[in-house]
Amino acid sequence: MILLVGGTGNLGGRIARHLRQHDLPFRALVRPTSDPGSLAALASDIVRGDLRDPTSLSAAMAGIETVISSAHSLDRIMAGRRDGSIKSVDRDGNANLVAAAASAGVARFVFVSFPGSVLASHTPFAEAKLATEQLLRESRLREVIVRPDAYQEVWLSTERGFDWRSGTVTIFGDGTGVAAYISMEDVAEALVRLAELDDPPRLVELGGPEGMTQHQLVETFERALRHRLKVRRVPRFVLRAGSVALRRFRPEIASVMGMTLFSDSRRRATLDDALRELGIQGRPVSAYIGELVAEEREEPTRG
């Protein structure tokens, strides 16, 4: 039995669907106040619990062999929710989860982290991820730490300022940092396959087939759209100042700004070697851009 933690999230929901496609039974840990949504039909069992409540985690671990955790606080906080923090969820909550898994005799723990170059930003969120990685390495669990690169679905969205549909996109920093933008579907499939392997690697860096800068993303959209986009810029000094000034009062915003700054400094990215070793043909970010533009053009016809 697998315990999925974070299944109501964007990546977690995809992991749940891929577990079901592989006919792997899993239990989903869902907060007491959260709607399980599609998990109710996908999971073998729904257990109520919270990373901040060690007692609930101990109960959730009964009979579990593998934990897959994609849970984090950042998306909820940035969406305006105030029922968690980086400290209570990403640092202390994950520490509770690792301890509960070790105490229950869980064999394997698959943990979704961040790219190493971004973890080097030493922001509150990055430090929480690194602390969990270290706890896993020091535990008796067989850790499988997965570090996906920037998600295509997230970074090419209006929420991140990439509002190509309106004709205006935002570039953070110089726009010259390289990322191997990866599909969340590919990451979900990789996580499930890693959970199934007899002897998985302890650290996996996941990237997509193409490395691109923010400027190259804009150019790819412009070619697909056949018109220019208006570009707004957030200078590096603004990102640097915000990551320092907001660290104490708004650690989540400071983390986003600091990690974005470090991403803008990358001159190379890990591509899709790990995906291909798992037998996955990754979706190139240029193909995703083509799909988005094609869907947009079909909308008026559907209407």
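**Student:** So what exactly am I meant to see when it comes to helix α9 (residues 184-196) here?
**Tutor:** For an α-helix the count is 3.6 residues per turn, leaving residues at separations of three or four pointing the same way. Along its 13 residues, α9 runs 19 Å from first to last C-alpha, staying within 8% of the 18 Å computed at 1.5 Å per residue. Most of α9 sits out of view: ten of its 13 residues are buried. Of all the residues in α9, the buried ones are Met184, Asp186, Val187, Ala188, Glu189, Ala190, Leu191, Val192, Leu194 and Ala195. In this structure serine 183 caps α9, since a side-chain oxygen of it lies 3.1 Å from the backbone nitrogen of glutamate 185.

**Student:** Just checking my understanding: could you explain the pairing of strand β2 (residues 26-30) for this structure?
**Tutor:** Each regular strand shows side chains that alternate between the opposite faces of the sheet. Judged by how many residues are buried, β2 sits mostly within the fold: five of five residues are covered. The two faces of β2 match: Phe26, Ala28 and Val30 on one face and Arg27 and Leu29 on the other face are all buried. Judged from the four bridges that link them, strand β1 (residues 2-5) and β2 form a sheet pairing that is parallel. Counted as the bridge partner of leucine 3 is arginine 27 from β2. As a crossover connection, the stretch from β1 through helix α1 (residues 10-21) into β2 is right-handed.

**Student:** It is not clear to me how the packing of α1 against α9 should be interpreted in this structure. Could you clarify?
**Tutor:** A packed helix pair is summarised by two numbers, namely the angle formed by the two axes and the spacing between the axes. Contact geometry of α1 with α9 gives a least axis separation of 8 Å together with a crossing angle of 55°. As judged from the angle between their axes, α1 and α9 are oblique. Remark: the crossing between α1 and α9 carries right-handed chirality. Each of Asn10, Leu11, Arg14, Ile15, Arg17, His18 and Leu19 in α1 lies in contact with α9, whose residues at this interface are Met184, Glu185, Val187, Ala188, Glu189, Leu191 and Val192. Taken together, the residues that form the contact of α1 with α9 break down as eight nonpolar, two polar and four charged.

**Student:** Before we go on, may I ask you to explain the nonpolar core in this structure?
**Tutor:** Within soluble globular proteins, side chains that are nonpolar generally end up buried alongside one another. If you look at the biggest cluster of nonpolar residues, it comprises 35 residues, and the most contacted ones within it are Leu11, Ile15, Leu19, Phe26 and Leu206. Considering every element that reaches this core, the biggest residue donor is α9, with eight residues. Discounting chain neighbours no more than four positions away, the residues touching leucine 11 are Ser70, Val112, Tyr151, Met184, Val187, Ala188 and Leu191. Ranked by size, the runner-up nonpolar core spans 23 residues in total, among them Val5, Leu97, Ala100 and Leu141.

**Student:** Is there a simple way to think about helix α5 (residues 86-103) in this case?
**Tutor:** Relative to the 26 Å expected for 18 residues at 1.5 Å per residue, α5 spans 24 Å between its end C-alpha atoms, a close match to the ideal helical length. Positive backbone phi, at 80°, marks glycine 105, one or two positions downstream of α5.

**Student:** Teacher, can you tell me more about the environment of serine 255 here?
**Tutor:** You can see serine 255 is positioned in helix α12 (residues 251-263). On the accessibility criterion, serine 255 (0% relative accessible area) is buried. For the pair serine 255 and asparagine 10, spaced 245 residues apart in sequence, the C-alpha to C-alpha distance is 19 Å. In contact with serine 255, not counting residues within four places along its chain, are Ile86, Thr123, Pro124 and Phe125.

**Student:** Quick question: what am I supposed to make of the sheet that holds strand β4 (residues 66-69) here?
**Tutor:** What links the strands of a sheet is backbone hydrogen bonding, and the strands pair in either a parallel or an antiparallel sense. Read from one edge to the other, the open sheet built from seven strands follows the order β3-β2-β1-β4-β5-β6-β9, with strand pairing classed as parallel. Strands with a single pairing partner mark the edges of an open sheet, and in this sheet they are β3 (45-48) and β9 (203-206). The average undirected angle you get between the axes of adjacent strands in this sheet is 20°. By the bridge criterion, four bridges tie β1 to β4 in an arrangement that is parallel. The partner of valine 5 across the bridge, within β4, is serine 69. Against the sheet, α5 touches β1, β4 and β5 (108-112), its axis set at about 165° to β5.

Conventions we followed
Residues numbered from 1 in each chain as written. Predicted model: local features only at pLDDT ≥ 70, side-chain atom pairs only at ≥ 80, totals over all residues. Heavy atoms only, no water. Helix = DSSP H or I, 4+ residues; strand = E, 2+ residues; numbered from the N terminus. Expected span 1.5 Å × (residues − 1). Buried < 20%, exposed > 50% of the residue type's maximum accessible area, 1.4 Å probe, protein only. Polar contact = N/O pair within 3.5 Å; in protein donor to acceptor, adjacent residues only side chain to side chain. Pairing = 2+ DSSP bridges. Right-handed = clockwise from strand over helix to strand, strands pointing away. Axes fitted to C-alpha atoms, helices over the stretch in contact; angles between N-to-C directions. Parallel < 35°, antiparallel > 145°, perpendicular 65-115°, else oblique. Left-handed = near helix turned anticlockwise from the far one by under 90°. Contact = heavy atoms within 4.5 Å. Nonpolar A, V, L, I, M, F, W, Y, C, P; charged D, E, K, R; others polar. Core = buried A, V, L, I, M, F, W, Y, C linked by side-chain atoms within 4.5 Å.

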